Amino acid sequence: MALKTGIVLRGVGGFFDVRSDRGTVIRCRPRGRIRLDNIVIIAGDRVEYTLLEDGQGIIENILPRSNMLTRPSLANVEQMIVVSACARPQPEITLLDRLAVLSESNNIEPILCFNKIDLVTDELPLKLAAIYKKAGYKTLKCSAKTGTGIEELRALLINRISSFTGPSGVGKTSLLNALMPNLDLVTQEVSRKTGRGRQTTRQVALIELAPGSLIADTPGFSQLQLTGIELQDLNHYFPEMRKHGEGCRFTSCLHRGEPGCAVKEAVEAGEIAQSRYRSYLILAKEIEQTRQY
Ligand SMILES: Nc1nc2c(ncn2[C@@H]2O[C@H](COP(=O)(O)OP(=O)(O)OP(=O)(O)O)[C@@H](O)[C@H]2O)c(=O)[nH]1
Ligand SMILES: [Mg+2]
Ligand SMILES: [Zn+2]
């Protein structure tokens, strides 16, 4: 029987919903051999399957992944929408930078999305958005509540596999609902007591926004130790350091006090934001410390 290809949208108790290349969703189970080999199938996987007469499918092979994120598991993501809230909860800058680095190091384009723009009462969140724009990222200011920026967001998602990520309560699921009002996914108010989200989304699933445009709603990636990143590579995952670092006296410059450091000069001249440089130093230290084991 001829093999067909598709993308795994979600796992459901031993079964997988696979989006065929023609756009239909086929309920599949893996061939026994796959289970015996302990191969784990995750959302985003491109698979080959055979179609049975009853309309269900058997997954025969998993095609090589271009990348894989863990906790939650997600494969073949092309861009990461890093969502933060302008308020409720307050933006966590180091976390944003960490998520941006995590995407860049996995060859995923980060897009910095500042949601809840309707709650803005002072300039701080807007300044924050400007910092990321200047650093070289695509940025977006939006409100899932009023609809501001939603069409702009939609345009960025066309024909790509994207994932929402960011802390609990920033409005990832709400943005998906705003993009697709028929979806009606569950969201929950941020706790008044702690000011934090309630970890409402617990599973990762890919949702089809339009033919060929898939988006994952996630509970946020919790495994955020930057495992697998070498200290000397870290600065390449900060676009503005990549750029300014070309002017450093030493090609191996880590921008931590070496003489003739163009990055340090750019920080002092206000060309690179202090907060970004601080995050770089924090993450660099973390990598050094984990390496000592
Ligand atoms: N004012 C305002 N509230 C928003 C906006 N977007 C989301 N919210 C509210 O923020 C709360 C949390 O939204 P969710 O969409 O559940 O957040 P989430 O990021 O999916 O959270 P987790 O699933 O826990 O990771 C809900 O009460 C939403 O109604 C917005 O643009 N403006
Ligand atoms: Mg959610
Ligand atoms: Zn330098």
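Fair warning: this is a prediction, and the values are worked out from it, not measured in the lab.

**Some remarks on unusual backbone geometry**
Now for step 1: Here the residue pair arginine 88 and proline 89 is connected by a cis peptide bond, since its omega of -5° sits within 30 degrees of zero.
Now for step 2: The topology assignment puts proline 89 in the loop between strand 8 (79-85) and helix 2 (93-105).
Now for step 3: With phi around 60°, asparagine 76 is a residue other than glycine that occupies positive phi space.
Now for step 4: Considering the arrangement of structural elements, one finds asparagine 76 in the loop between strand 7 (74-75) and strand 8.
Now for step 5: Residue asparagine 76 is classed as buried on the basis of its 22 C-beta neighbours within 10 Å.

**Considerations on the sheet that holds strand 9 (residues 109-115)**
Now for step 1: Reading across the sheet, the six strands line up as 10-9-8-11-13-12 and stay open at both edges, with mixed pairing between neighbours. In the strand order of this sheet, the two ends are held by strand 10 (138-141) and strand 12 (205-210), each with one partner. For this sheet, the mean angle separating the axes of adjacent strands, direction not counted, is 25°.
Now for step 2: Examined bridge by bridge, strand 8 and strand 9 share seven bridges and lie parallel to one another. Looking across to strand 9, one finds that alanine 85 is bridged to asparagine 115.
Now for step 3: Sheet contacts for helix 2: strand 8, strand 9 and strand 11 (161-165); angle to strand 9, the most-contacted strand, approximately 155°.

**Describing helix 2**
Now for step 1: Helix length check: helix 2, at 13 residues, gives a terminal C-alpha distance of 18 Å against a target of 18 Å (1.5 Å per residue), a fit within 8%.
Now for step 2: The elements touched by buried residues of helix 2 are strand 8, strand 9, strand 11 and helix 9 (274-291).
Now for step 3: Directly beyond the C-terminal end of helix 2, a positive phi value near 65° is found at asparagine 107.

**Looking at the sheet that holds strand 1 (residues 4-12)**
Now for step 1: The strand order around the closed barrel built from five strands is 1-2-3-5-4, with neighbouring strands paired in mixed fashion. The sheet shows a mean angle of 55° between the axes of neighbouring strands, taken without regard to direction.
Now for step 2: Pairing geometry for strand 2 (residues 15-20) and strand 3 (residues 25-30), over four bridges, is antiparallel. The residue bridging arginine 19 from the neighbouring strand is valine 25, located in strand 3.

**Quick notes on the domain arrangement of the protein**
Now for step 1: Splitting the protein by domain gives domain 1 (4-64), domain 2 (69-217) and domain 3 (231-291).
Now for step 2: Of note, the centres of domain 2 and domain 3, computed from C-alpha atoms alone, are 26 Å apart.
Now for step 3: On the domain 3 side, the residues contacting the eleven residues of domain 2 number nine residues.
Now for step 4: The set of elements that each furnish at least two residues to the side of domain 2 that touches domain 3 consists of helix 2 and helix 3 (124-135).
Now for step 5: In terms of residue count, helix 2 provides more of the side of domain 2 that touches domain 3 than any other element does, seven residues in total.
Now for step 6: Per-class residue counts for the side of domain 2 that touches domain 3 are five nonpolar, three polar and three charged.

**Notes on the pairing of strand 5 (residues 57-62)**
In regular strands, side chains alternate between the two faces of the sheet.
Now for step 1: For strand 3 and strand 5, the ladder comprises three bridges, and the chain directions are parallel. Bridging across to strand 5, proline 30 finds its partner in isoleucine 59.
Now for step 2: Here five bridges tie strand 4 (residues 46-51) to strand 5, and the two strands are oriented antiparallel to one another. Across the sheet, the residue bridging to valine 47 is isoleucine 62, located in strand 5.
Now for step 3: Counting the residues that bridge the hairpin from strand 4 to strand 5 gives five residues, and of these glycine 55 lies at a positive phi of roughly 95°.

**Remarks on the confidence of the model for the protein**
Now for step 1: Looking at the protein, the pLDDT average stands at 91 and 96% of residues meet or exceed 70.
Now for step 2: For the protein, the element scoring lowest by mean pLDDT is helix 1 (residues 32-36), at 79; helix 8 (residues 262-268) scores highest, at 98.

Rules behind the numbers
- Residues numbered from 1 in each chain as written.
- Chains lettered and ligands numbered in written order.
- Predicted model: local features only at pLDDT ≥ 70, side-chain atom pairs only at ≥ 80, totals over all residues.
- Helix = DSSP H or I, 4+ residues; strand = E, 2+ residues; numbered from the N terminus.
- Buried ≥ 20, exposed ≤ 12 C-beta atoms within 10 Å, placed from the backbone.
- Pairing = 2+ DSSP bridges.
- Axes fitted to C-alpha atoms, helices over the stretch in contact; angles between N-to-C directions.
- Contact = placed C-beta atoms within 7 Å.
- Expected span 1.5 Å × (residues − 1).
- Domains from an automatic or database assignment.
- Nonpolar A, V, L, I, M, F, W, Y, C, P; charged D, E, K, R; others polar.
- pLDDT = per-residue confidence, 0-100.

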